[in-house]
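Notes for the structure review
Residues per chain, in single letters:
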Amino acid sequence: MSNTTYYTQQVKTFARNLGFDYCGIARVQKLDDDARRLENWLNKGYQGAMQYMENHFEMRVDPSKLVPGAKSVITLMINYFPAKEQSEQAPKVSKYAYGKDYHEVIRKKMNLFLSLINEHIGEVHGRGFVDSAPVLERSWAQRSGLGWIGKNGNLLTKQQGSFFFIATLIVDMELEYDDPFAKDYCGSCRKCIDACPTDAILENKVVDGSRCISYFTIELKDMLIPLEMEGKFDDWMFGCDTCQDVCPWNRFANAANEQEFTPIAEILNFTSDDWNAMTEDSFKKIFRHSPLKRAKFEGIQRNLKFLKHNGKAPGE
Ligand code: B12
Ligand code: SF4
Ligand code: SF4
């Protein structure tokens, strides 16, 4: 067995032992097709007020500019599908945010991953990323053979659907590369496009980020949600799962193994009245390690008001 084969097997074993459900590896290269798609997306203004998406274009389409000497992109995916749903009375929170903040959970695993590589394989330079770096994570997942990009823009697996986080570890070590995922199993289905409450899903797997409920409820800072969106949020208070909930491939989703993603009781059980009665101090205490802290207390209050949950029943 060559060293490269052995190291590749080691890397995949570390991924499994650290609790990642999938691991695929691709050779570092400049992403020319993606650069064209990203440029088009930005030109159309689909990033809205997410200015960070306009930064570091060259790095985003070429990992060797982000990590000097980079040879391989190791893509990791971890299931977050919760074992329990929210109660009917609760303003809706998207499932990825039920438990502990995935940035914290995954960053810890990535640090361990790098130290395992250095301990067992040798001196390897690399960096782990999850979500917030200029890396086109869904494209790397497709290029590493982990799944296809659905019409709703999400990376889908045939085995368990799309309720996965994606992380990448970019290293200066040669490894054996997986074939890109060649097929697309969306077929003639258009359920996500038809179900999107704000018509944010366009043709050709393009999502207009500036129309997505996830953007309005999480990313939009200190601003009012445009009035044209009133009545369209379908009770989503933080994020939105509609285009995933309706996807037939998510019938195969099963509960996450990662204990850190166990739902916070308040997210499952709080009614609108409980959310409205919450003080900033208790928000900070309860959600200190939750993705909800990104929207801040003011953001959650704004979202509740927008949904007319300020003391009234849903739909009132
Ligand atoms: C900005 C962002 C958002 C924005 C904009 C969304 C968007 N579609 O771009 C907002 C706030 C709206 C958002 C919402 C959500 N997001 Co988000 N988001 C991101 C972020 C930070 C960047 C995405 C990006 O680069 N957008 C720019 C556009 C142009 O890129 P793109 O949509 O990914 O499309 C590229 C590829 O899909 C590719 N492509 C398109 N068609 C084809 C076809 C082929 C054949 C190939 C090869 C490639 C390809 O080309 C595009 C350019 O490269 C990533 C993390 C990251 N660093 O990648 C997370 C990320 C994409 N988000 C994620 C999640 C979970 C969500 C939500 C489900 C959260 C929620 N429940 O509320 C929603 C889903 C909305 C949706 N349907 O896309 C996950 C997706 C996991 C998965 N299984 O796919 C990511 C990867 C975060 C993570 N680390 O896990 N998000
Ligand atoms: S997350 Fe919700 S609003 Fe955003 S594209 Fe999907 S269905 Fe539409
Ligand atoms: S709902 Fe249908 S079209 Fe949309 S991602 Fe799922 S399979 Fe593809």
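Remember, predicted model here, so these are calculated numbers, not experimental data.

On a plain count of helices and strands, the protein comes out with 13 helices and eight strands. Over its C-alpha trace the protein gives a radius of gyration of 20 Å, about what one expects of a compact globule, namely 20 Å for 316 residues. Per-residue burial for the protein yields a buried fraction of 51% across its 316 residues. Put simply, of all contacts in the protein between residues at least 6 apart along the chain, 76% involve residues at least 24 apart. When the accessible surface of the protein is totalled, it reaches about 15400 Å², and 49% of it is carbon and sulfur. For the protein, the distance from the average position of its 40 positive side-chain charges to the average position of its 43 negative side-chain charges is 1 Å.

In summary, soluble globular proteins display a tendency toward joint burial of nonpolar side chains. Val-11, Phe-113 and Leu-292 are the most contacted members of the largest nonpolar core, which totals 83 residues. In terms of residues, this core owes the most to one element, helix α5 (residues 102-120), which gives seven residues. Aside from chain neighbours lying at most four places away, what touches Phe-113 is Val-11, Phe-14, Ala-15, Leu-18, Phe-20, Leu-76 and Leu-169. By size, the runner-up hydrophobic cluster in this structure holds eight residues, among which are Tyr-22, Ala-141, Leu-146 and Leu-155.

This part is about the site of ligand 3. Looking at ligand 3, the residues that line it are Gly-150, Lys-151, Asn-152, Leu-156, Cys-186, Cys-189, Lys-191, Cys-192, Cys-247, Pro-248 and Trp-249. Considered class by class, the residues forming the shell around ligand 3 number seven nonpolar, two polar and two charged.

This next bit is on the sheet that holds strand β4 (residues 126-129). With respect to topology, four strands assemble into an open sheet ordered β1-β2-β7-β4, the strand pairing being antiparallel. One side of each edge strand has no neighbouring strand; the edge strands of this open sheet are β1 (22-27) and β4. Taking the axes of each pair of neighbouring strands and ignoring which way they run, one obtains an average angle of 20 degrees across the sheet. Note that β1 and strand β2 (residues 72-79) share six bridges and pair antiparallel.

Bringing the environment of Leu-31 into the picture now. Looking at where Leu-31 falls in the secondary structure, it is placed in the loop between β1 and α2 (32-43). For Leu-31, a relative accessible area of 0% gives the class buried. In this structure, the C-alpha to C-alpha distance between Leu-31 and Cys-240, residues 209 residues apart in sequence, is 29 Å. Look past the residues within four positions of Leu-31 in its chain and what remains in contact with it is Val-61, Leu-136, Trp-140 and Arg-143.

Glancing now at the pattern of salt bridges. Taken as a whole and judged by the stated rule, the model has 21 salt bridges. A salt bridge links Asp-184 to Lys-205; its shortest N-O distance comes to 2.6 Å. Note that Asp-184 is positioned in the loop between β7 (164-171) and α7 (191-195) and Lys-205 in the loop between α7 and α8 (213-219), a separation of 21 residues in sequence. On the basis of relative accessibility, which here comes to 34%, the residue Lys-205 falls in the partly exposed class. With its nearest N and O atoms 3.0 Å apart, the salt bridge here joins Glu-203 to Arg-190. Of this pair, Glu-203 sits in the loop between α7 and α8 while Arg-190 sits in the loop between β7 and α7, and the two are 13 residues apart along the sequence.

The local shell around ligand 2 consists of Cys-196, Pro-197, Thr-198, Ile-201, Cys-212, Ile-213, Cys-240, Thr-242 and Cys-243. Considered class by class, the residues forming the shell around ligand 2 number seven nonpolar, two polar and no charged.

Here a ring pair, both rings aromatic, is described through the centre-centre distance and the interplanar angle of the planes. For the coordinates displayed, the defined rule picks out 24 aromatic pairs. For the ring pair Trp-249 and Phe-252, a centre distance of 6.0 Å and an interplane angle of 50 degrees mean the geometry is tilted. An aromatic cluster is present here, built from Tyr-80, Phe-81, Tyr-96, Tyr-102, Phe-163, Phe-165, Phe-238 and Phe-261 joined pairwise through their rings.

Further remarks concern helix α1 (residues 3-17). For α1, which comprises 15 residues, the first-to-last C-alpha distance of 21 Å matches the rise-based estimate of 21 Å (1.5 Å per residue) to within 8%. Where α1 terminates, the next one or two residues include Gly-19, which has phi positive at roughly 95 degrees.

Conventions and cut-offs
- Residues numbered from 1 in each chain as written.
- Chains lettered and ligands numbered in written order.
- Predicted model: local features only at pLDDT ≥ 70, side-chain atom pairs only at ≥ 80, totals over all residues.
- Heavy atoms only, no water.
- Helix = DSSP H or I, 4+ residues; strand = E, 2+ residues; numbered from the N terminus.
- Rg over C-alpha atoms; globule rule 2.2 N^0.38 Å.
- Buried < 20%, exposed > 50% of the residue type's maximum accessible area, 1.4 Å probe, protein only.
- Contact = heavy atoms within 4.5 Å.
- Areas by Shrake-Rupley, 256 points an atom, 1.4 Å probe, with all protein chains shown as cover.
- Lys, Arg positive; Asp, Glu negative; His and termini not counted.
- Charge placed at Lys NZ, Arg CZ, Asp CG, Glu CD.
- Core = buried A, V, L, I, M, F, W, Y, C linked by side-chain atoms within 4.5 Å.
- Near = heavy atom within 4 Å.
- Nonpolar A, V, L, I, M, F, W, Y, C, P; charged D, E, K, R; others polar.
- Pairing = 2+ DSSP bridges.
- Axes fitted to C-alpha atoms, helices over the stretch in contact; angles between N-to-C directions.
- Salt bridge = Lys/Arg side-chain N within 4 Å of Asp/Glu carboxyl O.
- Phe/Tyr/Trp six-rings, centres within 6.5 Å; stacked < 30°, edge-to-face > 60°.
- Expected span 1.5 Å × (residues − 1).

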